Amino acid sequence: MTAIGTTGTGNGSAAGILDRERLVATAGFNRWLVPPAALAIHLCIGMAYGFSVFWLPLSRALGSTRPSRARPIWG
């Protein structure tokens, strides 16, 4: 059996994708940047979902008379 993520050299010196050297953070890694980055990604995903689901009700609530493929309200 071969290790996952090793190169084809055959000598076994290449680090696999799940080896400890690749999983442990280096000395300069700031772990406090991970939660804000995750929050930003989740907000972006939620924003796209929210506008896809609520575009028609929002356009009706703001007074647009056209269906969901209406021109932007601000234009």
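Residues numbered from 1 in each chain as written. Predicted model: local features only at pLDDT ≥ 70, side-chain atom pairs only at ≥ 80, totals over all residues. Heavy atoms only, no water.

## Focus on the overall build of the protein
Then comes step 1: The helix and strand tally for the protein stands at two helices and zero strands.
Then comes step 2: When the 75 residues of the protein are sorted by exposure, 7% land in the buried category.
Then comes step 3: Summed over its atoms, the accessible surface of the protein is roughly 6900 Å², and 66% of this surface lies on carbon and sulfur atoms. (Helix = DSSP H or I, 4+ residues; strand = E, 2+ residues; numbered from the N terminus. Buried < 20%, exposed > 50% of the residue type's maximum accessible area, 1.4 Å probe, protein only. Areas by Shrake-Rupley, 256 points an atom, 1.4 Å probe, with all protein chains shown as cover.)

## With respect to helix α2 (residues 34–61)
Then comes step 1: With 28 residues, α2 extends 37 Å between its outermost C-alpha atoms, agreeing within 8% with the 40 Å of an ideal straight helix rising 1.5 Å per residue.
Then comes step 2: Its maximal kink placed at Phe54, α2 deviates by approximately 60 degrees, while the proline Pro57 follows within four residues.
Then comes step 3: In the segment just after α2, Gly63 is the residue with positive phi, at about 95 degrees. (Expected span 1.5 Å × (residues − 1). Bend = angle between axes of the 7 residues up to and from the residue.)

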